[in-house]
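# Examination of the molecular architecture
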Amino acid sequence: MDILELIRSHAGSLPLLARFAIGMALIVGIPPLARWARLPVVVVFLLSGIVVGPDGLGIIPKHPYVADFFAELGKLLLMFVAGLEIDLALFQRARNRSILFGFCTTLIPQVLGTAVGLWFGYPLIPAIVLGSLLASHTLLGSSIVVRLGMTRLEPITITFGATVMSDTLSLIVFAVCLSTYQSGFSASGIAVQLLEIAVFIPLILVGLSRLGAYFLNKVEADENAYFVLLLAIMAVAGLLAQSINLPGIVGAFLAGLAVNAAAHDQPAKEKLEFFGNSFFIPIFFIVTGFLIDPLVFFHSIVDHFALVSAIIGALLVGKWLAVEIAGRAFAYTSIARKTMWSLTLPQVAATLAATLVAYDTFDPAGQRLIDKEVLNAVLVLMLTTAILGPVLTERFAPRLRKESDVLKP
């Protein structure tokens with residue numbers, strides 16, 4: 001038995017409280033380690049997840065249900081807090097810019113990803129699905145710009161807004177391809193999906209805004225109740241999004257926007273952000289690392305280097321072109337465009353969820369929608385961009401903040 005197997009055998013018998021203590025030690029110890037290594041904290045959390053996860057030392061077993069639940073809450077809180085931190089007046093003024101940038105950062109990677117699929121001989125529907133996997137993005141770098149107090153800058157605001165659009169549009173394309181691959185094209189199914197989304201967005205932004213503000217005002221004097229109610233609003237919005245086949249993070253972000261004004265400067269809001277940033281959000285990043293098998297990762301790079309390189313290249317180029325088109329149209333500076341690009345690179349939450357669903361989807365002949373080569377290539381893409389995106393955000397965002405401070409009257 002080699003050393004790794006020996007460690008795994010002992011790790012598998014650790015009590016639950018011992019595993020919990022190790023997890024807490026990671027959350028406490030990683031930030032100073034990241035500062036010492038001059039790496040984004042997000043990146044070191046991801047790498048630590050690989051090390052302690054089921055395909056690393058095995059301290060955390062496969063299918064850790066409690067950790068997965070905490071990570072899901074962390075993912076929702078990441079976007080909910082981002083919505084709470086948005087400057088609503090600026091977001092309203094920049095709404096059209098968010099729509100334009102969201103359209104660009106969805107369409108261009110979609111087209112390039114589809115082209116890569118067709119180039120490597122995949123049929124049309126799997127190729128379109130591959131494109132849709134590149135069209136969305138996860139704002140792993142949002143914790144960096146929130147920490148730097150940059151959420152009120154317009155380039156950051158429209159990037160957050162574009163995230164909602166890119167996740168929504170990419171998942172619509174994905175849902176259409178999924179149903180078509182399984183049972184053939186259905187115009188009525190597409191119409192229903194679009195109608196659900198058209199109802200959902202104003203329901204959250206208008207309906208939940210008024211209802212949430214009403215109940216929050218009722219419990220304003222009770223900080224504990226206010227805290228719990230904010231969590232409940234986030235959970236309900238995420239659940240409603242999932243009920244119409246959208247990721248819960250879309251609902252959480254919209255919910256943050258909906259109660260933004262009502263929760264402004266409330267102590268419970270500050271405590272919720274502290275609770276999320278110090279516990280649930282780090283767990284989300286660590287658990288994301290559990291999904292990476294180091295051996296599969298390296299074998300995928302070696303055995304399918306051309307496919308992996310083409311997919312990563314399509315993403316990098318597609319997101320860069322989108323930022324250049326929108327950023328130059330808005331007369332943003334070079335460092336603003338680079339920061340926006342870095343924020344839209346990570347492919348984690350929606351991409352991973354859609355990839356796993358696509359891999360488990362079969363046509364009537366029993367053929368998978370995407371094969372194992374694409375699955376592994378997407379896992380390589382996920383790890384690469386989950387590291388590259390925050391690293392670049394950590395590099396570009398402080399320079400954008402300094403630039404904006406200089407330009408202030």
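Above this note sits the structure.
Residues numbered from 1 in each chain as written. Predicted model: local features only at pLDDT ≥ 70, side-chain atom pairs only at ≥ 80, totals over all residues. Heavy atoms only, no water.

### Things to note about the overall build of the protein
A tally of regular secondary structure across the protein gives 19 helices and zero strands. Here the C-alpha atoms of the protein give a radius of gyration of 21 Å, agreeing with the 22 Å that 2.2 N^0.38 yields for 409 residues. C-alpha atoms of the protein, sized along the principal axes, occupy 60 × 55 × 40 Å. Burial analysis of the protein (409 residues in total) assigns 52% to the buried set. A sequence separation of at least 24 residues applies to 80% of the contacts in the protein between residues at least 6 apart. Looking at the protein as shown, the accessible area adds up to about 18,400 Å², and 69% of this sits on carbon and sulfur atoms. The protein carries 26 positive and 26 negative side-chain charges, and their two centres are separated by 8 Å. (Helix = DSSP H or I, 4+ residues; strand = E, 2+ residues; numbered from the N terminus. Rg over C-alpha atoms; globule rule 2.2 N^0.38 Å. Buried < 20%, exposed > 50% of the residue type's maximum accessible area, 1.4 Å probe, protein only. Contact = heavy atoms within 4.5 Å. Areas by Shrake-Rupley, 256 points an atom, 1.4 Å probe, with all protein chains shown as cover. Lys, Arg positive; Asp, Glu negative; His and termini not counted. Charge placed at Lys NZ, Arg CZ, Asp CG, Glu CD.)

### A few points about helix α17 (residues 334-343)
Summarising burial for α17: eight of the ten residues are buried, a large majority. Those residues of α17 that fall on the buried side of the exposure criterion are I335, A336, R337, T339, M340, W341, S342 and L343.

### Some points on helix α12 (residues 248-258)
Buried residues dominate α12, accounting for eleven of its eleven residues. Those residues of α12 that fall on the buried side of the exposure criterion are G248, I249, V250, G251, A252, F253, L254, A255, G256, L257 and A258.

### Notes on the packing of aromatic side chains
Taken as a whole, this structure holds ten aromatic pairs when the rule is applied. Their ring planes at 45° and their centres at 6.2 Å tell us that F69 and F70 sit as a pair that is tilted. Geometrically, the ring pair formed by F279 and F280 is edge-to-face, given 4.9 Å between the ring centres and 85° between the ring planes. Of the two residues examined, F279 and F280, each falls in the buried class. (Phe/Tyr/Trp six-rings, centres within 6.5 Å; stacked < 30°, edge-to-face > 60°.)

### Section: a nonpolar patch on the surface
Taken together, L195, V199, L203, V236 and L240 make up a surface patch of nonpolar side chains, about 440 Å² in accessible area. When contributions to the nonpolar patch are tallied by element, the ones reaching two or more residues are α10 (187-218) and α11 (223-243). For L240, the position within the fold is in helix α11. (Patch = residues over 30% accessible without salt bridge, like charges linked within 9 Å, V, L, I, M, F, W, Y side chains within 5 Å. Salt bridge = Lys/Arg side-chain N within 4 Å of Asp/Glu carboxyl O.)

### So, the side chain of T393
Its location among the elements puts T393 in helix α19 (residues 372-407). For T393, a relative accessible area of 0% corresponds to the buried category. Of note is the side chain of T393, whose polar atom sits 2.8 Å from the side chain of S342. When neighbours within four sequence positions are excluded, T393 is seen to be in contact with G141, I144, V145, S342, L343 and P398. (Polar contact = N/O pair within 3.5 Å; in protein donor to acceptor, adjacent residues only side chain to side chain.)

### Things to note about the side chain of T339
Tracing the chain through its elements places T339 in helix α17. Apart from residues lying up to four places away in sequence, T339 is in contact with I156, F396, A397 and L400.

### Concerning unusual backbone geometry
Peptide bonds are mostly trans, and most non-glycine residues show a negative phi. Here A331, not a glycine, exhibits a phi torsion of approximately 60°, which is positive. Judged by relative accessible area, A331 falls into the exposed class, the value being 65%.

### Here's the deal with the pattern of salt bridges
In this structure the tally under the stated criterion is seven salt bridges. K269 is paired through a salt bridge with E273; the nearest N and O atoms lie 3.7 Å apart. Separated by four residues within a single helix, K269 and E273 lie in helix α14 (residues 267-290), roughly one turn from each other. Accessibility classification places K269 together with E273 in one group, the buried group. A salt bridge links E324 to R328; the nearest nitrogen and oxygen atoms lie 2.8 Å apart. Of the two residues, E324 and R328 both sit in helix α16 (residues 305-329), four residues apart, roughly one turn of that helix. A single salt-bridge network, built from bridges that share partners, covers E324, R328 and R337.

### Section: the packing of helix α6 (residues 95-119) against helix α7 (residues 124-135)
Remark: α6 packs on α7, axes separated minimally by 7 Å, with the N-to-C direction vectors making an angle of 140°. Considering the angle they form, α6 stands oblique to α7. Here α6 and α7 pass one another in a crossing that is right-handed. Contact residues: α6 offers T105, T106, P109, Q110, G113, T114, V116, G117 and L118, while α7 offers L124, A127, I128, L130, G131, S132, L134 and A135. (Axes fitted to C-alpha atoms, helices over the stretch in contact; angles between N-to-C directions. Parallel < 35°, antiparallel > 145°, perpendicular 65-115°, else oblique. Left-handed = near helix turned anticlockwise from the far one by under 90°.)

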